[in-house]
Amino acid sequence: MGAHTHDHGHHEESFISKYIFSHDHKMISKQFLITAIFMGIVAVMLSIFFRLQLGWPGEKFAILNAFLGDKWAPDGILDKNAYLAMVTIHGTIMVFFVLTGGLSGTFANLLIPLQIGARDMASGFMNMLSYWFFLVSSLIMLASLFVEGGAASGGWTIYPPLSALPQAMPGSGTGMTLWLISMVLFVASSLLGGLNYIVTIINLRTKGMKMTRLPLTVWALLVTAILGVLSFPVLVSAVVLLIMDRTMGTAFYLSDIFIQGEALDVTGGSPILFQHLFWFLGHPEVYIVLLPALGISSEVIATNSRKPIFGYKAMIGSILAIGFLSFIVWGHHMYVTGMNPFIGSVFVFTTLLIAIPSAVKAFNYITTLWQGNIKFTPAMMFSVGLVSTFVTGGLTGIILADSALDVNVHDTYFVVAHFHIVMGMSAIFGMLAGVYHWFPKMYGRMLNSKLGYAHFWLTMVCGFGVFFPMHFVGIAGAPRRYYDYSEFDYLDHVMDLNPMISTFAIIGGAAQLLFIFNFFHSIWYGQKATQNPWKSNTLEWTTPVQHVHGNWPGALPEVHRWAYDYSNPEHEEDFVPQIVPLKQGEHAH
Amino acid sequence: MNLFILLVVVLAIIAIAQLTKVYDLSRTLRNSREEEVSAADNRVNANAWIVWMFVFFGSVIYLYAKYGDYLPESASEHGVAMDKLMSLNIWLITIVFFIVNYLLFTFANKYRFNPNRKAKFFAHDNRLEMLWTLVPGVTMAFIIVYGLITWNNITGPASADAMKIELYSKQFDWTARYPGENKVFGAVDYNLIGTTNALGMVTKEGVAQKLAELDHNIESTEKAIADGVAKGTMPDSYMESLEEQLYKLKRHKQRILDLKENELNGQSQWLAGADDKIVKGEFHIPVGQEVEFVFRSQDVIHSAYMPHFRAQMNTVPGVPTRFKMKPTITTAEMRKKLGNDKFDYVLLCNKVCGAAHFNMKMTVVVDTPEDFNAWLAEQKTFSGEGAKKEEAAPAPASDTTMVAQTKI
Ligand code: HEM
Ligand SMILES: [Cu+2]
Ligand SMILES: [Cu+2]
């Protein structure tokens, strides 16, 4: 690695090796981000399509017909099967492509080498493959929207037998096949990336970068990668068995089924087995989505409060505790599957334990703000917003974790409200905070902060405007994944919320245009960035603004202190970068 | 319309672009940097947190006031306990919601940047951290214990005199079955399902009839194969599909031959179904009587959800599931309470199961015991009116999946 010295700028790279098949972690990070932004636009558009139907059922929308054609939106009214396909693909894209591939892919790639003081990822080649698997899998998922019969429609959880039997619904045909193929490629991408992140963090830390000096972003990304590497293979197993049930006549998940006039030759399988396997990934997955966002906000909140993050060790401890617990709670998605009630009790216990490390994190954030000297950069706005969504959404999880209460709210809009606030909004806020904070590092230019503030407030107001009222729709007993609620009189009194929710969704979706514009405009026309715009302590801000291969033009930096020496009374400045040696007699943290 | 929307979007983007340009220009003129949050920006945003807090809290309180009374009072015994647990939990999380968000937004507001001040260097405090580990810990312990006691009561075994009712789901309707006089459900098997036997009831005649039908089909398939071979001109794909058809028919026959006639309470289960009563569209239950539902599903997973009774259980093909409850308020009483004489309890599907998932429902009627008995007496038994008649029960419009059993 020592060979990486000043002559970097000199040898010309071809366009292809620089922008397309790049091995450089900074470029790969940008590739992930832009792909994720594109997928995010698709997922938001899908949600607006089906929110139109929910807000004004039976109303004709020319725009639906324009986008979806006569087959899926004849006369501008969304087709019932198309509705389910949109919901399914919206959820799939948001969870996997935007908030797993996109979020981890962008920030693990950007921040791990830069914040631990490494020249690049352990394997640049694997890293490149990880992106290409991700891209191909994204394209296949998008392609599935256009096949005969439509995209997968059984929900992002694709429970068999619905997903296993093409005769059960049109979306379980080719659309489901493509969904499954896309997911296998996605997992391959995730594993290639995850292994790389873990190895890099463990082996390539620069001199002095002890584990207890790592910024919390890196800790969060490390635990996220470990969760992914341990849980995604289980999803592949589940998917492979499902593919066999679909194509080879096996019956892992099928038993005693009579459908479309035929008694199928299947006995002895269990549909519930799939759910166990799926949620063994599925629950860690929500923390795979959430932890990087929490890591990012820890960094942003400390920097902009000009204060050390409160309880650094407790923060690490709670990330580890959440990571561990997330593997033994999957059954809370299955209280009403007929699972043995005693096993349900065990899952109630383990699930509610997660509230403890989560509470520690929330209070530590708030204490970090206390007596701080807060600069409200757009990144900081999103991070404070994240603490609010994390708390607000987390609290309703207490109700869902309680099996006795879940009986009545399972699979209702209460769940939709809960997970959108705690996972959807928090993770999106974390991701946006990260983009606003590290944009100067990625593109050498600044984002426009005025647009950033407008973007934040519109997103915050519309986000809560969409998802908070859904709690009430849910406890009134409105099931999720329903195309229309007008059949049920007992819901009439909450249904007047739906047009309002949909209006907020449309405004909130449109507000993202501010961000998209700001992002692409600033790549070329933004104000030129300085080296350390936020006066931050971490190593990435010691690299030159212009990217160089190997990150640091000279020798690798040496680390002398933790990442959170903000407003340290022993120093004049209100920040002390990690590369600054301890003063004589200075007390180290 | 579309053109109009497009136009608005384009204009909006142009407007933003122009504004940004002006803004960038003024920034350059003032020589200010993007990362240096101006005092004005910081003040506006710090104050906005408080404005937001009032708007947010105000809307939340409004929503609680207007929609918090979410469902009519519980119409089942366990539901009352569940509602108590629910309101306790809601109170608790609502209080924490207000406190934590209040702290967050007011701290954000109060500790805004001031160039003359340095933040407090406060890296950790074991006592504080212990506090917010222990308080949630103790609270959780309480919630867990209280929750699990309720859970055990809900899911404990049904009492011996509970009335059993089977609820059977398929795309996209429900069927209910009562065990009849003998209190024993007749045997069922999915291999016997057909146009005249929607639940797959197993009876001697039914088995014989099905076997005859299969034998007939096997014979004609074999004949078709023989003809094909004789002709020698049929495409391979056609011959293969016939072979496959034959294989399936033989497997189907074998599965029926494998059925065993079990005894329960000294009675053959193949005979026990004769007095079973099968109903569609609506089913009745008597007030004050514990009911144990047994759920089965024909095709995919559905979920039997009865929100007014706070009851839900998935129905899983191949895996029977159960849920017990005791209804406490008759439909008539509930109508009076709500002042709505059209009110009905419903059973609906709460697991996505296909295009018509959203209107797969059945009416639940809670009667006084006398009314219930009178209603049940009116219902036909499975044998009494013969398997044929059962078809005449009000068939829902969506009953189109019931096409001929075997097609060649
Ligand atoms: C533009 C903002 C969004 C809107 C308006 C929106 C709205 C909705 C609605 C109405 C549903 C249907 C719920 C149902 O019927 O079950 C849904 C489903 C879902 N959404 Fe969102 N959502 C948004 C953003 C997000 C984000 C950021 C995530 C990331 C976690 C997300 C993840 C999901 C998932 C996982 C589902 C479940 C899909 C399924 O039922 O299979 N959504 N969304
Ligand atoms: Cu979970
Ligand atoms: Cu359904």
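What to know about the overall build of chain B
Logical step 1: When helices and strands are counted, chain B shows 10 helices and 12 strands.
Logical step 2: Projecting the C-alpha coordinates of chain B onto the three principal axes gives extents of approximately 95 × 65 × 50 Å.
Logical step 3: Here chain B holds 408 residues, and the buried ones make up 48% of them.
Logical step 4: In the form shown here, chain B has an accessible surface area of approximately 20,400 Å², with 61% of it arising from carbon and sulfur atoms.

A look at the site of ligand 1
All names here are of chain A.
Logical step 1: Ligand 1 sits among 23 residues. The nearest are His90, Trp156, His420, Arg480 and Arg481.
Logical step 2: Here an oxygen atom of ligand 1 sits 2.6 Å away from a polar atom, N or O, in the main chain of tryptophan 156.
Logical step 3: Within the contact set of ligand 1, an oxygen atom lies 3.2 Å away from a side-chain nitrogen or oxygen of tyrosine 413.
Logical step 4: Of all the elements in the fold, those that place two or more residues in the shell around ligand 1 are helix H2 (25-55), helix H4 (80-116) and helix H14 (413-443).
Logical step 5: In terms of residues, the shell around ligand 1 owes the most to one element, H14, which gives seven residues.
Logical step 6: Here the residues of the shell around ligand 1 are counted per class, giving 14 nonpolar, six polar and three charged.

Let's talk about empty space enclosed by the protein
Residues and elements named next belong to chain A.
Logical step 1: According to the stated counting rule, one finds nine cavities of 30 Å³ or more in the structure shown.
Logical step 2: Put simply, the largest cavity is a space of about 170 Å³.
Logical step 3: For the largest cavity, the lining is made up of 18 residues, of which Thr100, Ser104, Ser190, Gly194 and Tyr197 are closest to its centre.
Logical step 4: Looking at the lining of the largest cavity, the elements with two or more residues in it are H4, helix H6 (174-203) and helix H7 (216-247).
Logical step 5: If you tally residues by element for the lining of the largest cavity, the top one is H6, at six residues.

Here's the deal with the sheet that holds strand E9 (residues 311-315) of chain B
Residue and element names in this part refer to chain B.
Logical step 1: Overall, mixed pairing links the five strands, which are arranged E6-E12-E11-E8-E9 in an open sheet. Of all the strands in the sheet, just strand E6 (282-286) and E9 have a single pairing partner and so form its edges. Each adjacent strand pair in this sheet contributes to an overall mean axis angle of 25°, direction not counted.
Logical step 2: Bridge count between strand E8 (residues 302-306) and E9: five bridges; the pairing is antiparallel. Each residue of the ladder has a partner; that of methionine 306, found in E9, is alanine 311.

Description of the coordination of the iron atom of ligand 1
Residue and element names in this part refer to chain A.
Logical step 1: The iron atom of ligand 1 binds to the protein through His90 (NE2) and His420 (NE2), with metal-donor distances spanning 2.0 Å.
Logical step 2: Of note is the iron atom of ligand 1, whose six donor atoms meet at the metal with angles of 85 to 179° in an arrangement that counts as octahedral. Pair noted here: histidine 90 is in helix H4 and histidine 420 is in helix H14, with a separation of 330 residues, a long-range link. Summarising the burial analysis for this pair, histidine 90 and histidine 420 share the class buried.

Regarding the interface of chain B and chain A
Logical step 1: On the side of chain A, 143 residues touch chain B, which itself brings 123 residues to the contact.
Logical step 2: Three residues, Phe121(B), Trp151(B) and Phe358(B), lead the burial of chain B against chain A; their summed loss comes to 7% of the area buried on that side.
Logical step 3: Where chain B meets chain A, there are seven salt bridges.
Logical step 4: A salt bridge links Lys351(B) to Asp411(A), with the shortest nitrogen-to-oxygen separation between them at 2.5 Å.
Logical step 5: Our enumeration of links across chain B and chain A arrives at 41 residue pairs in polar contact (both at pLDDT 80 or more).
Logical step 6: Broken down by secondary-structure element, the contributors of at least two residues to the side of chain B that touches chain A are helix H1 (2-30), helix H2 (39-67), helix H3 (77-110), helix H4 (126-155), helix H6 (236-257), E9, strand E10 (321-325) and strand E11 (345-349) of chain B.
Logical step 7: It is H4(B) that contributes the most residues to the side of chain B that touches chain A, 16 residues altogether.
Logical step 8: Grouping the amino acids of the side of chain B that touches chain A by side-chain chemistry returns 70 nonpolar, 31 polar and 22 charged.

Focus on the packing of aromatic side chains
Logical step 1: Within this structure, the stated rule accounts for 73 aromatic pairs over all chains.
Logical step 2: Relative to Tyr345(B), the ring of Phe309(B) lies with its centre 4.6 Å away and its plane at 45°, an arrangement referred to as tilted. Placement of the pair is Phe309(B) in the loop between E8 and E9 and Tyr345(B) in strand E11, with a sequence separation of 36 residues.
Logical step 3: The exposure class assigned to Phe309(B) is buried, which follows from its relative accessible area of 0%.
Logical step 4: When the ring centre of Phe113(B) is taken as reference, the NZ or CZ atom of Lys375(A) above it lies at 4.9 Å.
Logical step 5: Over the aromatic face of Phe488(A) sits the side chain of Lys361(B), whose NZ or CZ is 5.4 Å from the ring centroid.

Description of the sheet that holds strand E7 (residues 291-297) of chain B
All names here are of chain B.
Logical step 1: Spatially, five strands are ordered E5-E2-E1-E7-E10 in an open sheet, and the strand pairing comes out mixed. Among the strands making up the open sheet, the edge pair consists of strand E5 (277-280) and E10. Across the sheet, the mean angle separating the axes of adjacent strands is 25° when strand polarity is ignored.
Logical step 2: By the bridge criterion, seven bridges tie strand E1 (residues 163-170) to E7 in an arrangement that is parallel. Across the sheet, residue serine 169 finds its bridge partner in E7, namely serine 297.

Some details on the coordination of the copper ion (ligand 2)
Residue and element names in this part refer to chain A.
Logical step 1: The copper ion (ligand 2) binds to the protein through His283 (ND1), His332 (NE2) and His333 (NE2); the donor distances cover 1.6 to 2.0 Å.
Logical step 2: Mapping the donors of the copper ion (ligand 2) onto the primary sequence yields the spacing H-x48-H-H. With histidine 283 in helix H8 (residues 271-305) and histidine 332 in the loop between helix H9 (312-325) and helix H10 (341-353), this residue pair connects regions lying 49 residues apart in the sequence. Like histidine 332, histidine 283 is buried.

Considerations on the pairing of E9(B)
Side-chain positions along a regular strand alternate between the two faces of the sheet.
All names here are of chain B.
Logical step 1: With five of its five residues buried, E9 lies for the most part within the structure.
Logical step 2: Taking every second residue as pointing to the same face, both faces of E9 are buried, with Ala311, Met313 and Thr315 on one and Gln312 and Asn314 on the other.
Logical step 3: Here E8 folds back onto E9 in antiparallel fashion, the turn holding four residues, of which arginine 310 has a positive phi close to 55°.

Here's the deal with the pairing of E8(B)
Logical step 1: In terms of burial, E8(B) is largely enclosed, as five of its five residues are buried.
Logical step 2: Of the two faces of E8(B), the one holding His302(B), Ala304(B) and Met306(B) and the one holding Ser303(B) and Tyr305(B) are both buried throughout.

Describing the side chain of Thr331(B)
Logical step 1: Position of Thr331(B) relative to the elements: it lies in helix H8 (residues 331-338).
Logical step 2: On the basis of relative accessibility, which here comes to 5%, the residue Thr331(B) falls in the buried class.

Section: the environment of Ile399(A)
Logical step 1: Mapped onto the elements of the fold, Ile399(A) is located in helix H12 (residues 378-401).
Logical step 2: For Ile399(A), a relative accessible area of 0% gives the class buried.
Logical step 3: Beyond its immediate sequence surroundings of up to four residues, Ile399(A) is in contact with Leu405(A), Asp406(A), Val409(A), Phe414(A), Met86(B), Asn89(B), Ile90(B) and Ile93(B).

So, a nonpolar patch on the surface
All names here are of chain A.
Logical step 1: On the surface, a nonpolar cluster with roughly 460 Å² of combined accessible area is contributed by Ile34, Phe520, Trp524 and Tyr525.
Logical step 2: The element contributing the most residues to the nonpolar patch is helix H18 (residues 497-525), with three residues.
Logical step 3: With respect to the helices and strands, tyrosine 525 occurs in helix H18.

What about the environment of Phe347(A)?
Residue and element names in this part refer to chain A.
Logical step 1: Its location among the elements puts phenylalanine 347 in helix H10.
Logical step 2: Given a relative accessible area of 8%, phenylalanine 347 falls into the buried group.
Logical step 3: Note: C-alpha distance between phenylalanine 347 and isoleucine 328 (19 residues apart in sequence) is 7.4 Å.
Logical step 4: Once residues within four sequence positions are removed from consideration, phenylalanine 347 is found in contact with Ile328, Val329, Trp330, Gly331, His332, Tyr335 and Met339.

Quick look at the pattern of salt bridges
Two side chains that carry opposite charge are able to pair once their charged atoms sit near each other.
Logical step 1: In total, this model carries 32 salt bridges over all chains according to the counting rule given.
Logical step 2: The partner of Lys66(B) in a salt bridge is Asp496(A), and the shortest N-O contact between them spans 3.5 Å. Of this pair, Lys66(B) sits in helix H2 while Asp496(A) sits in the loop between helix H17 (492-495) and H18, on two different chains.
Logical step 3: On the basis of relative accessibility, which here comes to 44%, the residue Lys66(B) falls in the partly exposed class.
Logical step 4: Put simply, Glu166(B), Arg177(B), Asp276(B) and Arg296(B) are held in one network by salt bridges that share partners.

Quick look at the packing of H8(A) against helix H11 (residues 355-369) of chain A
Two quantities define a packed helix pair, namely the angle between the helix axes and the distance between the axes.
Residues and elements named next belong to chain A.
Logical step 1: Viewed as axis vectors pointing N to C, H8 and H11 meet at an angle of 20°, and their least axial separation amounts to 9 Å. Compared by their axis directions, H8 and H11 come out roughly parallel. For the pair H8 and H11, the crossing hand works out as left-handed. Where H8 abuts H11, its residues Leu294, Ser297, Ser298, Ile301, Ala302 and Ser305 lie against Lys361, Tyr365, Thr368 and Leu369.
Logical step 2: Of the residues belonging to the contact of H8 with H11, the class tally is five nonpolar, four polar and one charged.

About the thresholds
- Residue numbers here run from 1 along each chain, matching the order of that chain's written sequence.
- Here the convention is simple: chains get letters from A, ligands get numbers from 1, in the order in which they are written.
- Reporting of local features is limited, given that this is a predicted model, to residues whose pLDDT is at least 70; pairs of side-chain atoms are given and counted only at 80 or more, and all residues count toward the totals for whole chains, interfaces and linings.
- By convention in this description, side-chain values take in all heavy atoms of the structure and omit both hydrogens and water.
- To qualify as a helix, a DSSP run of H or I must reach at least 4 residues; to qualify as a strand, a run of E must reach at least 2; elements of each kind are numbered from the N terminus.
- The classification of residues rests on relative accessible area computed with a 1.4 Å probe and restricted to protein chains. Under 20% of the type maximum is buried, over 50% is exposed, and intermediate values are partly exposed.
- Shrake-Rupley sampling with a 1.4 Å probe provides the accessible areas, and residues are treated as covered by the protein chains on show and by no other component.
- When we say a residue is near a molecule or strand, we mean one of its heavy atoms is within 4 Å of it.
- N or O atoms within 3.5 Å of each other form a polar contact, as long as, within protein, one can give a hydrogen and the other can take it, and as long as residues adjacent in sequence are counted only when both atoms are side-chain atoms.
- Throughout this entry, Asp, Glu, Lys and Arg are counted as charged residues, while Ala, Val, Leu, Ile, Met, Phe, Trp, Tyr, Cys and Pro are counted as nonpolar. The remaining residues, Gly among them, count as polar.
- Here the term cavity refers to a set of points on a 1 Å grid, laid over the protein atoms alone, in which a 1.4 Å probe fits but cannot get out; the term pocket refers to an open set having protein on both sides within 12 Å along at least five of seven lines, with lining residues being those that place an atom within 4 Å of a point.
- Grid points are joined across faces, edges and corners, and a volume is the space filled by probe spheres set on the points.
- We treat two strands as partners when DSSP finds at least two bridges between them.
- With axes taken as lines fitted to C-alpha atoms, and helix axes fitted only over the stretch in contact, angles between N-to-C directions fall between 0 and 180 degrees.
- Note on donors: an N, O or S atom is included if it sits within 2.8 Å of the metal, or within 3.2 Å for Na, K and Ca, and water is never included, so sites can look incomplete.
- Here a site with four donors is tetrahedral if all angles are between 85 and 135 degrees, and a site with four or six donors is square planar or octahedral if opposite donors are over 155 degrees apart and the other angles are between 65 and 115; anything else gets the irregular label.
- Contacts are assigned to residue pairs with any non-hydrogen atoms lying within 4.5 Å of each other.
- Computed with a 1.4 Å rolling probe, the buried area is the accessible surface lost when two parts are put together, summed over both parts.
- The working definition used for a salt bridge is a side-chain nitrogen of Lys or Arg within 4 Å of a carboxyl oxygen of Asp or Glu.
- Pairs were defined over the aromatic rings of Phe, Tyr and Trp, the Trp ring being its six-membered one, requiring ring centres within 6.5 Å. Orientation was assigned from the angle between planes: stacked under 30 degrees, edge-to-face over 60, tilted for the rest.
- Any Lys NZ or Arg CZ found within 6 Å of a ring centre and within 35 degrees of that ring's normal is scored as a charge over the ring.
- The patch calculation keeps residues exceeding 30% relative accessible area without a salt bridge and links them within 9 Å when they carry like charges or within 5 Å when they are nonpolar (Val, Leu, Ile, Met, Phe, Trp, Tyr).
- Angular relationships are summarised with four words: roughly parallel below 35 degrees, roughly antiparallel beyond 145, roughly perpendicular across 65 to 115, and oblique for the angles in between.
- Handedness of a crossing follows from how the near helix is turned relative to the far one, being left-handed for an anticlockwise turn of less than a right angle and right-handed for a clockwise one.

Just distances and angles here, no functional claims.
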